[in-house]
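These are the residues of each chain, in order.
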Amino acid sequence: MRMAGKYVIILIVVFLSSCAQVGRISGGPEDRVAPKPIEDKMVPLNATTNFTGNEITIPFDEYFNLANPLQNIQMVPPHAQVTASVKKKTLKLSWEGQLEPNTTYAIYLNKAVRDLTERNDSTMQVVFSTGDEIDTLSYTVAVMDAWTQEPIKEGVVTLYGEDSNLVSIATIADGIAKLQYLHQGTYDMIALVDQNGDLLPQSNERIGFSTSGKITVDSVYFDSVPLRMFLPKSTKYGIRKLDYLAPCAFNMSFNAPPSHSLQNVYVNGSPVTMENLRTFKYDSLQFVADAPLTDQAEVILETKFGEIIFSDTSFYRLKPKEKDVRIKIKTENVKNILPIQNAEFSVNGMIQDVDTSKIHLFDIKDSVFISNYDFTFLGNRFELDGQRSNAIRITFDSNAVITNCGGSIKYEATANYIFSEDLGEVSINLTAYSEPILLEILSKDDVVRSIKYEQGGTELIPNLPPNEYHFRIIRDSNSNGRWDVGDYETLQQPEIIDLYSKPVKVRANWTVEVTLNPLE
């Protein structure tokens, strides 16, 4: 059963069970240690009509502090500025002047009330009307993570009216947000994981929105199309993270958008040649300095946008244990090497030569040494290509691999090969997809195979070790071979993901037929 179908059933059950919750202070998921209002002792009571005062008192069940009340306590419509004060366990909310007649008001406390010890907080609202009636329309919406398809556990959904005035807030609880006490109209709706409490989207906060960015409220309504939340793509140019691989290699991830083209990388003023650069993700580089570092590294990244060259600098100070590090060999894939693969290795330096006289291969099953093989290398990686056996012990003597930062230390690994007769295959019917897609075959949470198709058909995926697999399809609308998040300014939604969680068991020397259809 696909997760999406199960998710819809859960949403319907939650919605039906929540329809009777009218006229109460709304909060988020139950928090046993957060301060709770004593509703029957509020003055006036919640959902009061014909209210003419300018003060509300709310007693709580424990002592508490206020967190940034000028920002975190808001009246909507914003016809007055609310002032908050605390006396023992009671919160007093007041404002100056008279409010508009025949109007439903809500005062939102967005993480404003915190307990004294654990600093637990919650979102709540107080509702009253200056007329005979309180607006009773509501809009309930599901909220899910765009990548995992899981319900969002916490956050808020906000409505904004004309002139960007805040109209309503609802806490997300187990993937559901219910906006209540609404007046008929059209509104902007945004889902946020609101870290700074300003109820506005920020570049470092997860966001979700409807296709048009707007909703129309004219009834009590449940929207069955969930908002899909994601973390926006960073538009800030520069280096995001720098990891040092002693004695002279680096992994650098950067958040420059794809429109920035790489120009130069400098380490302590010396340029890194293009032969010493390796892109291993679309937003990451691995590179090697000319010589081992002794104290610190100043890394400068230059990229070009249009005719403008941008520069960003990051510093790395070596730790004591990083100042005397030798070149080490690392295995990349020696556990289960497929027929289409070679045994792969990497080192923490840029390879200049491989001395095969210092590399020894031993066939464990037949107890013989192997001499018929080749090593090929590029950058900091090298491969063993040659005779295969079920298990080969590979011994590297000291200085078997020579890099610009020294020779490698002694190392030993066992390469385990899998042969065609030990593998299975999957025939996948993807004809339901007419657009570009990225098919990912997963074992538990690990991506075993990732294949890009311009259009779905019936595809044969060979050389799969016996195991249980499931599938994820990214609807790769821009055909760039990766999942892209959305953009609120242009109302671009994140690319759709179809997750097929039902496991498929692959056996040796068997073909399993699978149909992936998002409508089934």
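As the structure is a prediction and not an experimental result, all values here were calculated from the model.

Before going further, it helps to spend a moment on the sheet that holds strand β36 (residues 446-453). In spatial order, the strands read β36-β35-β38-β39; together these four strands make up an open sheet with antiparallel pairing. Lying at the two open borders of the sheet, with one neighbouring strand each, are β36 and β39 (497-506). Direction aside, neighbouring strands of the sheet carry axes that sit 20 degrees apart on average.

Another point: the environment of Arg119. With respect to the helices and strands, the residue Arg119 is situated in the loop between β6 (104-115) and β7 (121-129). Judged by relative accessible area, which is 54%, Arg119 ranks as exposed. When the C-alpha atoms of Arg119 and Glu150 are compared, they prove to be 27 Å apart, with 31 residues separating the residues in sequence.

Next up on the list: the packing of aromatic side chains. This model, assessed by the stated rule, comprises 20 aromatic pairs. Judged by centre distance (5.7 Å) and plane angle (20 degrees), the rings of Tyr105 and Phe128 are stacked. Separated by 23 residues along the polypeptide, Tyr105 in strand β6 and Phe128 in strand β7 bring together distant segments of the chain. For the pair shown, Tyr105 and Phe128 are each scored as buried. Members of the aromatic cluster, each reached through a chain of ring pairs, are Phe345, Tyr373, Phe375, Phe382, Phe396 and Tyr411.

Now for the pattern of salt bridges. Enumeration over the complete set of coordinates arrives at 12 salt bridges. Salt-bridge contacts for Arg206 lead to Asp145; the nearest nitrogen and oxygen are separated by 2.2 Å. A residue pair is termed long-range when its members are at least 10 positions apart, and Arg206 in the loop between β12 (185-192) and β13 (207-217) and Asp145 in strand β8 (residues 137-145) qualify at 61 residues. Asp484 is the partner of Arg482 in a salt bridge, and the nearest nitrogen-oxygen pair spans 3.7 Å. Note on Asp484: relative accessible area 15%, which makes it buried. When salt bridges that share partners are traced, they join Asp295, Arg317 and Lys323 into one network.

Tracing the backbone through its elements, the reader meets Gln149 in the loop between β8 and β9 (156-160). On the basis of relative accessible area, Gln149 is assigned to the buried category, the value being 14%. A distance of 3.0 Å separates a polar atom in the side chain of Gln149 from the backbone oxygen of Ala146. Each residue touching Gln149, except ones within four places of it in the same chain, is listed here: Met144, Ile497 and Leu499.

As a further point, take the sheet that holds strand β34 (residues 424-429). Read across the open sheet, the three strands follow the order β37-β34-β40; overall the sheet is mixed. Strands with a single pairing partner mark the edges of an open sheet, and in this sheet they are β37 (458-464) and β40 (511-515). The average undirected angle you get between the axes of adjacent strands in this sheet is 20 degrees. Bridge count for β34 against β40 is five bridges, and the pairing is parallel. Its bridge partner lying in β40, Glu425 is registered against Thr511.

Okay, the pairing of strand β16 (residues 249-254) next. Burial within β16 is extensive, with six of its six residues counted as buried. Residues Ala249, Asn251 and Ser253 point to one face of β16 and Phe250, Met252 and Phe254 to the other, with burial holding for every one of them. Here strand β15 (residues 239-245) pairs with β16 via six bridges, running antiparallel. Looking at β16, one finds that Leu242 is bridged to Met252. Connecting the antiparallel pair β15 and β16 is a turn made up of three residues. Strand direction decides the pairing type here: β16 and strand β20 (residues 284-288), joined by five bridges, are antiparallel. Note on β20: the bridge partner recorded for Ser253 is Ser284.

Two elements, strand β4 (residues 83-87) and strand β5 (residues 90-94), share five bridges in a ladder whose sense is antiparallel. Residue pairing in the sheet places Thr83 in a bridge with Ser94 of β5. Connecting the antiparallel pair β4 and β5 is a turn made up of two residues, with Lys88 showing a positive phi of about 55 degrees.

What counts as what
Residue indices follow the written sequence of each chain, beginning from 1 at its first position. Per-residue local features are limited, in this predicted model, to residues with pLDDT of at least 70; the limit for side-chain atom pairs, both in listing and counting, is 80 or more; totals at the level of whole chains, interfaces and linings are taken over all residues. The side-chain numbers reported here are obtained from all heavy atoms of the structure, hydrogens and water having been left aside. A pair of strands counts as paired when DSSP detects no fewer than two bridges linking them. Helix numbering and strand numbering both begin at the N terminus, where a helix is a DSSP run of H or I of at least 4 residues and a strand a DSSP run of E of at least 2. Under this scheme, a helix contributes an axis fitted over its contacting stretch, all axes are lines through C-alpha atoms, and angles between N-to-C directions fall in the 0 to 180 degree range. Partly exposed describes any residue whose relative accessible area lies between the buried limit of under 20% and the exposed limit of over 50%, with all areas from a 1.4 Å probe on protein chains only and scaled to the type maximum. Pairing of aromatic side chains requires ring centres within 6.5 Å, counting the rings of Phe and Tyr and the six-membered ring of Trp. Pairs whose planes differ by under 30 degrees are stacked, by over 60 edge-to-face, and all others tilted. Salt bridges are defined as contacts in which a side-chain nitrogen from Lys or Arg sits within 4 Å of a carboxyl oxygen from Asp or Glu. Any pair of N or O atoms that falls within 3.5 Å is considered a polar contact. Within protein, one atom must be able to donate a hydrogen and the other to accept it, and sequence-neighbouring residues count only if both atoms are side-chain atoms. Residue contacts are defined here by distance: any two heavy atoms, one from each residue, within 4.5 Å place the two residues in contact.

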